[in-house]
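# Analysis of the macromolecular model
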Amino acid sequence: MDSVFEYLIVFISAIFVNNVVFSQILGICPFLGVSKKIETATGMAGAVAFVLVLATLVTYCLQKFVLDPYGLGYLQTIAFILVIAALVQMVEIILKKVSPALYQALGVFLPLITTNCAVLGVAILVIQKDFNLLMGIWYALSTALGFGLALIIFAGIREQLSMTAVPKGMQGMSIALVTAGLLAMAFMGFSGVDNGLRALFAQ
């Protein structure tokens, strides 16, 4: 059983130190595509968090109880993709029933969760890091919070930029990419925080 300290380290590391967007360069498509408004970004962050945690739970069980026992590890990627695609369809149906406005706002980007490499990447990383089920779900939730934080901060900045006089040559995706790069550099300031915490608690 992992200690509370280990859970704290995983939480801080996944959100700030190894942020899935700025450090691992995963989930860039929805990060750039659904970050023009905070409301839409928040909805996408919630949808991704739900799919990410649920996908991690299902893919972990699939790996441990089906793929590993029967020597089918080579089917990991394709099996995980199929599971994630099914979960996204489920989320899409639920959103259409529960929140039609959010469903319309997300539009074409909701199906993009199917091919969101952040979801697949986290599911595979949980297996590679040899986490137990509880730690794996905690890591997925922490990563989802990190993704949501990055997306919402970026959306807030882009909303402010839409009200400023950006030079014509830098308008649109150009200024968005520059902003994303500056945010990534800002998050580099958290580099080594997890190691610092380990050293602090080891004393």
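What counts and what doesn't
Residues numbered from 1 in each chain as written. Predicted model: local features only at pLDDT ≥ 70, side-chain atom pairs only at ≥ 80, totals over all residues. Heavy atoms only, no water. Helix = DSSP H or I, 4+ residues; strand = E, 2+ residues; numbered from the N terminus. Rg over C-alpha atoms; globule rule 2.2 N^0.38 Å. Buried < 20%, exposed > 50% of the residue type's maximum accessible area, 1.4 Å probe, protein only. Contact = heavy atoms within 4.5 Å. Areas by Shrake-Rupley, 256 points an atom, 1.4 Å probe, with all protein chains shown as cover. Lys, Arg positive; Asp, Glu negative; His and termini not counted. Charge placed at Lys NZ, Arg CZ, Asp CG, Glu CD. Core = buried A, V, L, I, M, F, W, Y, C linked by side-chain atoms within 4.5 Å. Phe/Tyr/Trp six-rings, centres within 6.5 Å; stacked < 30°, edge-to-face > 60°. Expected span 1.5 Å × (residues − 1). Polar contact = N/O pair within 3.5 Å; in protein donor to acceptor, adjacent residues only side chain to side chain. Patch = residues over 30% accessible without salt bridge, like charges linked within 9 Å, V, L, I, M, F, W, Y side chains within 5 Å. Salt bridge = Lys/Arg side-chain N within 4 Å of Asp/Glu carboxyl O. pLDDT = per-residue confidence, 0-100. Axes fitted to C-alpha atoms, helices over the stretch in contact; angles between N-to-C directions. Parallel < 35°, antiparallel > 145°, perpendicular 65-115°, else oblique. Left-handed = near helix turned anticlockwise from the far one by under 90°. Nonpolar A, V, L, I, M, F, W, Y, C, P; charged D, E, K, R; others polar.

## Notes on the overall build of the protein
Broken down by element type, the protein carries nine helices and zero strands. Along the protein, helices (α) and strands (β) appear in the sequence α-α-α-α-α-α-α-α-α when read from the amino end. For 203 residues, the compact-globule estimate of 2.2 N^0.38 gives 17 Å, and the protein sits close to it at 18 Å. Each of the three principal axes of the protein carries a C-alpha extent, and together these read 60 × 50 × 30 Å. Expressed as a percentage of its 203 residues, the buried residues of the protein come to 43%. Long-range pairs, those at least 24 residues apart, make up 77% of the contacts in the protein with a sequence separation of at least 6. Accessible surface computed for the protein: about 10600 Å², of which carbon and sulfur atoms make up 70%. Across the protein, the centroid of the 9 positively charged side chains sits 14 Å from that of the 8 negatively charged ones.

## Considering the nonpolar core
Ranked by size, the top nonpolar core spans 56 residues in total, and within it Phe22, Phe31, Phe80, Ile113 and Tyr139 carry the most contacts. Contributing elements (two or more residues each) for this core: helix H1 (4–17), helix H2 (28–33), helix H3 (38–67), helix H4 (76–98), helix H6 (117–128), helix H7 (133–161) and helix H8 (173–187). In terms of residues, this core owes the most to one element, H3, which gives 12 residues. When residues no more than four places from it in sequence are discounted, the contact partners of Ile113 are Met44, Ala47, Val48, Val51, Ile84, Val88 and Val119.

## A look at the packing of aromatic side chains
In this structure the tally under the stated criterion is eight aromatic pairs. Between Phe22 and Phe187 the ring centres are 4.8 Å apart and the planes differ by 45°, which places this aromatic pair in the tilted class. A residue pair is termed long-range when its members are at least 10 positions apart, and Phe22 in the loop between H1 and H2 and Phe187 in helix H8 qualify at 165 residues. Here the aromatic rings of Phe131 and Tyr139 are separated by 5.5 Å at their centres, their planes lie at 50°, and the arrangement is tilted. Each member of the pair, Phe131 as well as Tyr139, carries the same accessibility label: buried.

## As for H7
For H7, which comprises 29 residues, the first-to-last C-alpha distance of 42 Å matches the rise-based estimate of 42 Å (1.5 Å per residue) to within 8%. Its side-chain oxygen placed 3.3 Å from the backbone nitrogen of Leu134, Asn132 serves as the N-cap of H7.

## Some points on a nonpolar patch on the surface
Judged by side-chain polarity, Met170, Val178, Leu182, Met185 and Met188 come together as a nonpolar surface patch covering roughly 500 Å² of accessible area. Looking at the secondary structure, you find Leu182 in helix H8.

## A short note on the confidence of the model for the protein
When the pLDDT values of the protein are averaged, the result is 87; 93% of them are 70 or greater. Put simply, helix H9 (residues 193–202) is where the protein has its lowest mean pLDDT, 74, and H7 is where it has its highest, 94.

## Regarding the environment of Gln104
Take Gln104: it is sitting in helix H5 (residues 100–106). Under the relative-accessibility criterion, Gln104 is labelled exposed at 61%. It is 9.9 Å that separates the C-alpha atoms of Gln104 and Thr40, two residues lying 64 residues apart in sequence.

## Some details on the packing of H4 against H6
Look at H4 against H6: their axes get within 10 Å of each other, and the N-to-C directions meet at 130°. It follows that H4 is oblique to H6 by the angle criterion. Read as a crossing pair, H4 and H6 show a hand that is right-handed. Packed against H4, whose contacting residues are Gln76, Thr77, Phe80, Ile81 and Ile84, the element H6 presents Val119, Leu120, Ala123, Ile124 and Ile127 at the interface. Of the residues belonging to the contact of H4 with H6, the class tally is eight nonpolar, two polar and no charged.

## Focus: the environment of Leu52
Along the chain, Leu52 turns up in helix H3. With 31 residues separating them along the chain, Leu52 and Val83 place their C-alpha atoms 11 Å apart. Discounting residues that sit within four places of it in the chain, Leu52 has contacts with Val119, Val122, Ala140 and Ala144.

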